[in-house]
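Geometric and topological summary
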Amino acid sequence: MEAPVNLRMTKQRQVILDELRKMHSHPTADEMYRLLRRRLPKISLGTVYRNLEVLSDCGLIQKIEVAGTQKRFDGNASHHYHVRCNRCSRLEDVYVDVDAEMNRKVSRLTEYDIAQHRMEFVGICPTCKAGARRDDFD
Ligand SMILES: [Zn+2]
Ligand SMILES: [Zn+2]
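Keep in mind that this is a model prediction, so the values were computed, not measured. (Residues numbered from 1 in each chain as written. Chains lettered and ligands numbered in written order. Predicted model: local features only at pLDDT ≥ 70, side-chain atom pairs only at ≥ 80, totals over all residues.)

1. Some thoughts on the overall build of the protein chain
Scanning the protein chain from terminus to terminus reveals five helices and five strands. For the protein chain, the N- to C-terminal ordering of α and β elements is α-α-α-β-β-β-β-α-β-α. The buried share of the protein chain, reckoned over its 138 residues, is 14%. (Helix = DSSP H or I, 4+ residues; strand = E, 2+ residues; numbered from the N terminus. Buried ≥ 20, exposed ≤ 12 C-beta atoms within 10 Å, placed from the backbone.)

2. A short note on the nonpolar core
Judged by nonpolar contacts, Ile16, Leu20, Ala29, Met32, Tyr33, Leu36, Val48, Leu52, Leu55, Ile61 and Phe73 together constitute the single largest core of eleven residues. When residues of this core are traced back to their parent elements, those giving at least two are helix H1 (3–22), helix H2 (29–36) and helix H3 (45–57). Looking at this core, the element that brings in the most residues is H2, giving four residues. (Core = buried A, V, L, I, M, F, W, Y, C linked by C-beta atoms within 7 Å.)

3. Quick notes on the sheet that holds strand E3 (residues 81–85)
Overall, mixed pairing links the three strands, which are arranged E4-E3-E5 in an open sheet. Every interior strand has two partners, whereas the edge strands, strand E4 (91–94) and strand E5 (120–123), have only one. The average undirected angle you get between the axes of adjacent strands in this sheet is 30°. (Pairing = 2+ DSSP bridges. Axes fitted to C-alpha atoms, helices over the stretch in contact; angles between N-to-C directions.)

4. Some thoughts on the confidence of the model for the protein chain
The predicted coordinates should not be examined in detail at positions where pLDDT is low. Taken over all residues, the pLDDT of the protein chain has a mean of 86, while the share at 70 or more is 88%. Counted against residues more than four places away or in other chains, residues 1–9, with its pLDDT under 50, gives zero contacts. (pLDDT = per-residue confidence, 0-100. Contact = placed C-beta atoms within 7 Å.)

5. Details of H3
A rise of 1.5 Å per residue sets the reference length of H3, with its 13 residues, at 18 Å; its end C-alpha atoms lie 18 Å apart and thus fit the reference within 8%. In the segment just after H3, Gly59 is the residue with positive phi, at about 80°. (Expected span 1.5 Å × (residues − 1).)

Structure follows, in structure tokens:
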């Protein structure tokens, strides 16, 4: 009855997870959809979106929400910071130690039990700084 449907969903979910883990670009659901269609021609954007939400609810991936931009997804579920380019909107990982003391400070200040914090640095990436044009693909 329901088993084959679930099984099918699980396979798709696994493919989505595998593909996302290979990427370091923090894609949007649309970008994931375009990529996944090559492996799963019948997949719909809704399915991709739903699976990304489920995977992030389970803590297997991270959802990155920035006001005014499209939601992005991160196959690296460990706690890390990000840097975003103001000009081309690229989003990359930053490998600095996560500041655990910050959680305690904010917890004292707000009386919240702080689980974690997210930090995003914003600036101009090296490519944009060099004035290189990214719209030619030769
Ligand atoms: Zn840039
Ligand atoms: Zn990341």
